[in-house]
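For reference, the chains in residue letters:
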Amino acid sequence: MQAVLDYLKQNETRFVNELCDYVRFPSVSAQSSHKPDLNDCAGWLTEHCRRIGLETELCPTAGNPVVVARTPRNGAGKPHFVVYGHYDVQPAEPFELWKSKPFEPRIEGRSLFARGASDNKGQHLAHLNAVESYLKTKTKLPCDLTFVIEGEEEVGSKSLAGFLRTNTKRLRCDAVVISDNGIPRKDLPALTYALRGILAVELVVHGPSRDLHSGIYGGSVDNPAMALSQLLAQLRDKKGRVAVPGFYEDVVPLSAYERRQLARLPHSEAAYRKFLGVPECFGEKGYSAIERRTARPTIEINGLTSGYQGEGSKTIVPSWARAKLTFRLVPNQTPEKIRKALLARLKELCPPTVRLEVEAGHGAEPYLVSPTSEHAKAAIRALKSAFNREPVLMREGGSIPIVNEFKKHLQADTLLLGLSLPDDNAHSPNEKFDLDCFSHGMRMSAYLWQELSGQ
Ligand SMILES: [Zn+2]
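What counts as what
- Residues numbered from 1 in each chain as written.
- Predicted model: local features only at pLDDT ≥ 70, side-chain atom pairs only at ≥ 80, totals over all residues.
- Heavy atoms only, no water.
- Phe/Tyr/Trp six-rings, centres within 6.5 Å; stacked < 30°, edge-to-face > 60°.
- Helix = DSSP H or I, 4+ residues; strand = E, 2+ residues; numbered from the N terminus.
- Buried < 20%, exposed > 50% of the residue type's maximum accessible area, 1.4 Å probe, protein only.
- Polar contact = N/O pair within 3.5 Å; in protein donor to acceptor, adjacent residues only side chain to side chain.
- Contact = heavy atoms within 4.5 Å.
- Donors = N, O, S within 2.8 Å, 3.2 Å for Na, K, Ca; no water.
- Tetrahedral: all angles 85-135°; square planar, octahedral: opposite > 155°, others 65-115°.
- Expected span 1.5 Å × (residues − 1).

1. Overview of the packing of aromatic side chains
This structure, assessed with the given rule, holds 7 aromatic pairs. Ring plane angle 20° and centroid distance 4.7 Å describe the contact between tyrosine 22 and tryptophan 44, whose orientation is recorded as stacked. Of the two residues, tyrosine 22 is situated in helix H2 (residues 12-23) and tryptophan 44 in helix H3 (residues 35-51); the sequence distance between them amounts to 22 residues. Residue tyrosine 22 is classed as buried on the basis of its relative accessible area of 0%. Accessibility expressed as a relative area gives 17% for tryptophan 44, which makes it buried. Geometrically, the ring pair formed by phenylalanine 247 and phenylalanine 327 is tilted, given 5.9 Å between the ring centres and 45° between the ring planes. Pair noted here: phenylalanine 247 is in the loop between helix H7 (224-233) and helix H8 (256-263) and phenylalanine 327 is in strand S13 (residues 320-329), with a separation of 80 residues, a long-range link. In terms of burial, phenylalanine 247 and phenylalanine 327 fall into one category: buried. Among the aromatic residues, ring-to-ring pairing joins Tyr22, Phe25 and Trp44 into one connected group.

2. Describing the side chain of serine 100
Mapping serine 100 onto the fold places it in the loop between strand S3 (80-86) and strand S4 (106-108). At 2.7 Å, the side chain of serine 100 and the side chain of arginine 106 are in polar contact. Discounting residues that sit within four places of it in the chain, serine 100 has contacts with Arg106 and Asn430.

3. Here's the deal with the coordination of the zinc ion
A four-donor tetrahedral metal ideally has 109.5 degree angles, and a six-donor octahedral metal ideally has angles of 90 or 180 degrees. Every protein donor of the zinc ion is accounted for by Asp119 (OD), Glu154 (OE), Glu154 (OE) and His427 (NE2), and the metal-donor separations fall at 1.9 to 2.6 Å. Coordination at the zinc ion is irregular, judged from the 4 donor atoms that bind it and the angles of 53 to 139° they form at the metal. For the zinc ion, the single-chain donor residues occur in sequence as D-x34-E-x272-H. Pair noted here: glutamate 154 is in the loop between strand S6 (144-150) and helix H5 (158-166) and histidine 427 is in the loop between strand S17 (414-416) and strand S18 (432-434), with a separation of 273 residues, a long-range link. Residue classification places glutamate 154 among the buried residues on the basis of a relative accessible area of 14%.

4. Some thoughts on H3
Between its first and last C-alpha atoms H3 spans 25 Å; for 17 residues at 1.5 Å apiece the expected length is 24 Å, and the two agree. For H3, the complete set of buried residues consists of Asp37, Leu38, Cys41, Ala42, Trp44, Leu45, Thr46, His48 and Cys49. On its buried face, H3 is in contact with H2, strand S1 (55-59), strand S2 (66-70), helix H4 (117-136) and S6.

5. Observations concerning the side chain of serine 453
Of note, serine 453 is situated in the segment after helix H14 (435-452). Overall, the relative accessible area of 15% leaves serine 453 in the buried class. Non-local contacts of serine 453, meaning those with residues more than four positions away in its chain, are made with Pro79, Phe81, Pro142 and Cys143.

Okay, structure coming up:
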């Protein structure tokens, strides 16, 4: 084991350079113009996995390919773990808010800035580096590992579910390990035991058949932008609660134990406000900020557009207005049931003067796993060895839809061992990855295979 840790240390500079190479690919899955970049990125990853000694396949899907990389199998009966990651990234827009170009990595202090640095390229590369270390130092791995690294996570993992369905047999495993989430501070490692789910919808309000002169027609027809704004305003009350009948019906209340655990996480209201640049915090009454953003359901408007956006004024009644919405869901809400409740409410709210079209987006169920299982305890020990600190237990506000697919197709629980920091700007301009988290993550992964295999 010492040889593995030494190798990780000796090769740290090269690992950072390789992460720089990896984030140079603008593998933006939401934008079809980047399709060739996704293929190139998957190709680079396949080559990389082969070079470090993994048996690697680039598996085509209806969408972007999945990279499957296995440690050489020698001898049956070893535990088997799947490590999941994704090589696709979020769009980098708005470009003007980046201090340096999103796909030209920049290192400042211990931070590596680039789109995809922490979400998710740096995080799964840490696991690949740990495995490389075992293979190159000829240290016996106490388990078999299969890496499954996909290219559609940021757009709902559409192809991976089918991929898992057809590859169930060779992916059957004792547990899945995912590092695609966060820890509160770099000196505070964490095991995440719950995730929020998601439901995405897009609303389009149609008014007149074309943009109209607001002087000639204004006042005689409804304004779709106004109608949409009024409709949206009725979906959340002033206290921060979602105003859709039945929305809270299936929410499992937080236990006293959970509330105590969540209260252990560091939080300063003033620092939080300053960090986010808001004049005051907001949220559902009766819950702490940590509970609000990890353990309570929400509604958000993600995008809102209508009418003229160019220079100067243009006096029109726009023909249409559009809004992108997402709901974050908690156990045991389901996207299907919430979608139905929402549609019923929208039907009630939509005035007869406009036509409302609802486009269904992706959905994912929330996730909850026991933080006291043997695997969870093993992961906590690995975190403690790597970070030299007592880990905390936490919930994550984000969604990793594939976690439920792993449960469904492989009947395997997922250990969420995130390496990202709260100020890593995932999905925002100036995304970064902390290089200390990178090296701690490699060590954590190295310990993890021993701990999970009971060695
Ligand atoms: Zn993401």
